[in-house]
Amino acid sequence: MKLGRTGRAKLLLLAAPLTACAVCFTSTEAFAAAGGAGTQPARHGVSEVHYNLGDEAFQPPESLGYVGGNELDGAVYYPADISSGTHPLIMVEHGFWDTCADADASTSLTAAQAALAKDEQSDDAADAAKQEAIIKADSDRLSAWPCAPGVRQIPSYLGYDYLGRDLASRGFVVVSIGANGINSTSPGQADTVYQERAALINAQLRMWRQLSSTGGGPLRGGFVDATSGLPSPVNFKNHVDLQNVGLIGHSMGGGGVMQEIADSSRHTWPKGVSIKAAFTLAPTATWDVDPITKTSFAVMWGTCDQVNTGEFFDWNKDDNSAPIGQYTVRGGVHDFYNEQWSPSSGQVSAHDDAVPGSKPGTCKSQFLGATAPQTDQKELSEQRQRRITKDYVSAYFADHLLGRTQYEPYLTGEKSFPGTGGAVSTQFDGGVN
């Protein structure tokens, strides 16, 4: 982003009340309308492959003191014409969630939690202890890693399919990586969990740098077609730009991304890799809140999101040398950024985590910086929240990784994407020379 290079530019734009839009655009239409005629990059067909090198293939660096292995897997969304040109890489890391799709454990857990609530009202200490034991056992089954034989994993890394496909259609190679091993082992290791998440990103970037530069390494021959499951001959050699990398993180994955781009972590980036920008969705606060002053980043969070803890914009806005932004989505909730975590998926553990408002279709505000506490907000639907997310994420990386500066007025808050209905308020700091 070029805006603000000649001096610090700051904008604070407060959103109008959320209203129904007279004409609601699809994400593609909104993005096109923002760019104007003749400014859109050529749209690509999208292909998808997966890889999995093992559930515990990644072992933490001994220096971290973190205990527990993690999977090295990923879903790759890429332009079908990948052999034409070189494409920036965007890597996605999901957040903290259950790891195993054990439907029986989930049903038992729900029943035990309801029984415990009744026991606490009736002071039935004996049965309360019984229910607590059931809750612990069921929770352990849902958060195991690897999952028990016959139990599928909850593929949280597939929950950003809508972003991966949209970005790939615009010319990016997008890799969404799994972090279920970290989710299973992170309780009790809070002081190192974000360094561990950053180390996982580095391990994945290292493999992709080797694959792109030489055609070899652990990923060679490891791709399967996402639809058929058959081996894929896709060739990424010389077609993925590791000097032009973007990161996306959600929840604790957002915290991991922020740890990765912190000034104190830049020396850990793999040789030949340069991270240019990051976009995080409701990121949690990193353990040490390390300053991030040299890498551009954006934060998006919702007013009904109970997990908002990482105030990265406010922590860095006076010291940053790179442009940073914050987008507050009125009525947005935490789980809806991930399709696997959202109710419509039917996935084990999926739910709407917003605190219900006093009327149907509303949620209680949680983000004190956007509105008065505990007021009713009109809750966004899953589809609308994800459409808004796509608009901002696509514009952000088109600007930062492809140099398409026509989107800057929408990123700084000077203009609004069609169809947002006043749902988004923006803070922007252009940095200094």
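From a predicted model like this one, the values you see are computed outputs, not experimental measurements. (Residues numbered from 1 in each chain as written. Predicted model: local features only at pLDDT ≥ 70, side-chain atom pairs only at ≥ 80, totals over all residues. Heavy atoms only, no water.)

1. Focus: the overall build of the chain
What counts here: Only runs of H or I of at least four residues qualify as helices and only runs of E of at least two qualify as strands under DSSP, and these elements are numbered from the N terminus. Burial classes: relative accessible area under 20% of the type maximum marks a residue as buried, over 50% as exposed, and values in between as partly exposed (1.4 Å probe, protein chains only). We call two residues contacting when some pair of their heavy atoms lies within 4.5 Å. The Shrake-Rupley method, run with a 1.4 Å probe, gives the accessible areas here. Residue values count only the displayed protein chains as cover.
Across its full length, the chain holds 10 helices and 13 strands. Across the 433 residues that make up the chain, the buried fraction comes to 55%. Partitioning the intrachain contacts of the chain with sequence separation of at least 6 by distance along the chain shows that 78% fall at a separation of at least 24. When the accessible area of the chain is evaluated, it comes to approximately 17000 Å², of which 52% is carbon and sulfur surface.

2. Section: helix H6 (residues 193-214)
Side chains three or four residues apart in an α-helix point the same way, a direct result of the helix having 3.6 residues per turn. The criterion, for reference: Between the first and last residue of a helix there are one fewer steps than residues, each counted as 1.5 Å, and that sum is the expected span.
The end-to-end C-alpha distance of H6 is 32 Å, a good match for the 32 Å that 22 residues give at a rise of 1.5 Å each. Counting buried positions along H6 yields 17 of 22 residues, so the element is predominantly enclosed. Immediately beyond the C-terminal end of H6, within one or two residues, lies glycine 215, with a positive phi of roughly 80 degrees.

3. Here we look at the packing of aromatic side chains
Defined as follows: Only Phe, Tyr and Trp rings take part, Trp by its six-membered ring, and two of them pair if their centres are within 6.5 Å. Stacked means planes under 30 degrees apart, edge-to-face means over 60, and tilted covers everything else. By definition here, charges over rings are those cases where NZ of Lys or CZ of Arg is within 6 Å of the ring centre and within 35 degrees of the ring normal.
Applying the stated rule across the entire model yields 14 aromatic pairs. Judged by centre distance (4.3 Å) and plane angle (5 degrees), the rings of tryptophan 97 and tryptophan 341 are stacked. Residue tryptophan 97 is located in the loop between strand S4 (87-93) and helix H2 (103-122), and its partner tryptophan 341 is located in the loop between strand S10 (324-329) and strand S11 (362-364); the two are separated by 244 residues in the primary sequence. When sorted by exposure, tryptophan 97 lands in the same class as tryptophan 341, which is buried. The interplanar angle of 40 degrees and the centroid separation of 4.8 Å between the aromatic rings of tyrosine 327 and tyrosine 392 together place this pair among those described as tilted. Of the two residues, tyrosine 327 is situated in strand S10 and tyrosine 392 in helix H9 (residues 382-402); the sequence distance between them amounts to 65 residues. Judged on exposure class, the residue tyrosine 327 and its partner tyrosine 392 are both buried. Aromatic rings pair up to connect Phe279, Tyr327, Tyr392, Tyr396, Phe397, Tyr410 and Phe417 into one cluster. Lying across the ring of tyrosine 162, arginine 386 places its NZ or CZ 5.7 Å from the centre.

4. Thoughts on the confidence of the model for the chain
Rules: Confidence scores labelled pLDDT are given residue by residue by the predictor and lie between 0 and 100.
Mean pLDDT over the chain stands at 90; residues scoring 70 or higher make up 89%. Taken together, the stretch residues 1-30 has pLDDT below 50 and engages in 84 contacts with residues farther than four places along the chain or on a different chain. Predicted confidence is poor over residues 35-40, with pLDDT under 50, and the contacts of this stretch with residues over four places away or in other chains come to 10 contacts.

5. Examining the state of the cysteines
Quick reminder of the rule: Cysteine sulfur atoms that pair up within 2.5 Å are treated as a disulfide.
Taken as a whole and assessed by the stated rule, the structure comprises 2 disulfides. Disulfide partner of cysteine 100: cysteine 147, at an S-S distance of 2.1 Å. An S-S torsion of about -100 degrees defines the bridge between cysteine 100 and cysteine 147 as left-handed. Of this pair, cysteine 100 sits in the loop between S4 and H2 while cysteine 147 is found in the loop between helix H3 (125-142) and helix H4 (161-169), placing the two residues 47 residues apart along the sequence. Cysteine 147 matches cysteine 100 in its accessibility class, with the two residues each being buried. Cysteine 304 shares a disulfide with cysteine 363; S-S distance 2.2 Å. As the torsion about the S-S bond is roughly 80 degrees, the cysteine 304-cysteine 363 disulfide counts as right-handed. Of this pair, cysteine 304 sits in the loop between strand S9 (296-302) and helix H8 (312-316) while cysteine 363 sits in strand S11, and the two are 59 residues apart along the sequence. The same class applies to cysteine 304 as to cysteine 363, namely buried.

6. Digging into the packing of H4 against H9
Cut-off, in case you're wondering: Axes here mean lines fitted to C-alpha atoms, for a helix over just the part in contact, with angles spanning 0 to 180 degrees between N-to-C directions. Every angle not falling under 35 degrees, over 145, or within 65 to 115 is termed oblique; those three ranges are roughly parallel, roughly antiparallel and roughly perpendicular. Each crossing gets its hand from how the near helix is turned against the far one by less than a right angle, where anticlockwise is left-handed and clockwise is right-handed. Throughout this entry, Asp, Glu, Lys and Arg are counted as charged residues, while Ala, Val, Leu, Ile, Met, Phe, Trp, Tyr, Cys and Pro are counted as nonpolar. The remaining residues, Gly among them, count as polar.
The N-to-C vectors of H4 and H9 enclose an angle of 40 degrees; their axes lie 10 Å apart at closest approach. When the interaxial angle is binned, H4 and H9 end up oblique. Judged by the sense of rotation from one axis to the other, the crossing of H4 with H9 is right-handed. Residues Tyr162, Leu163, Asp166 and Leu167 of H4 pack against Arg386, Thr389, Lys390, Val393, Ser394 and Phe397 of H9. Across the contact of H4 with H9, the residue classes break down as 5 nonpolar, 2 polar and 3 charged.

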